[in-house]
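What the coordinates show
One letter stands for each residue in the lines below.
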Amino acid sequence: QVQLVESGGGLVQAGDSLTLSCAVSGRTFTNYAMGWFRQAPEKEREFVAGILWNRSNTPNSASVEGRFTCSRDNAKNTVTLRINSMKPEDTAVYYCAASLYRHLRPREVSRYSYWGQGTQVTVSS
């Protein structure tokens, strides 16, 4: 079993930056591709950024391109999401997730087997 715990969410203002972290435990971290998703009220969960086991990035969602950066530290079993120039439409619950498709570039919810509990990010205008 794999456990994922997100942290770093909160209330920020438009234009601010924020870093979310995800600590992973339970299995060999490099067995997994990692992804970040978000879900706004009454919307489907959407992929925003991801990274393979070898720290090669999965292309970001077009809606966040240029502002979101995903990275991982395989020695510390952590994955982070750096968000710059935040916008009110970035308001959502952010989830990190682990996928066994570690050689692919998974963007679909169904390709991820393990999920964190989510962290709320609210951006005020």
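Residues numbered from 1 in each chain as written. Predicted model: local features only at pLDDT ≥ 70, side-chain atom pairs only at ≥ 80, totals over all residues. Heavy atoms only, no water.

Okay, the side chain of Arg 72 next. With respect to the element layout, Arg 72 can be found in strand 7 (residues 68-73). Summary of buried charges: Arg 72 has no salt-bridge partner, and the nearest side chain of opposite charge, Asp 73, is 8.3 Å away. A distance of 2.9 Å separates a polar atom in the side chain of Arg 72 from the backbone oxygen of Tyr 32. In terms of polar contacts, Arg 72 uses its side chain to reach the backbone carbonyl oxygen of Leu 52, at 3.0 Å. When near neighbours in sequence (up to four residues on either side) are disregarded, Arg 72 contacts Phe 29, Thr 30, Tyr 32, Ala 33, Met 34, Ile 51, Leu 52, Trp 53, Arg 55, Thr 78 and Val 79. (Helix = DSSP H or I, 4+ residues; strand = E, 2+ residues; numbered from the N terminus. Buried < 20%, exposed > 50% of the residue type's maximum accessible area, 1.4 Å probe, protein only. Lys, Arg positive; Asp, Glu negative; His and termini not counted. Salt bridge = Lys/Arg side-chain N within 4 Å of Asp/Glu carboxyl O. Polar contact = N/O pair within 3.5 Å; in protein donor to acceptor, adjacent residues only side chain to side chain. Contact = heavy atoms within 4.5 Å.)

In this structure, Asn 77 is a non-glycine residue whose phi angle is positive, near 55°. Looking at where Asn 77 falls in the secondary structure, it is placed in the loop between strand 7 and strand 8 (78-83). With a phi angle near 45°, Ser 85 is a residue other than glycine that sits in the positive phi range. Tracing the backbone through its elements, the reader meets Ser 85 in the loop between strand 8 and strand 9 (92-99). The class of Ser 85 is partly exposed, set by a relative accessible area of 43%.

Another aspect to go through is the pattern of salt bridges. Charged atoms that come close allow side chains of opposite charge to pair. Scanning the entire structure with this criterion turns up four salt bridges. The partner of Arg 38 in a salt bridge is Asp 90, and the shortest N-O contact between them spans 2.9 Å. You can see Arg 38 sitting in strand 4 (residues 33-39) and its partner Asp 90 sitting in the loop between strand 8 and strand 9, a full 52 residues away along the chain. A relative accessible area of 7% places Arg 38 in the buried class. Between Glu 108 and Arg 111 there is a salt bridge, and its shortest N-O distance comes to 3.1 Å. Given the relative accessible area of 30%, Arg 111 is considered partly exposed.

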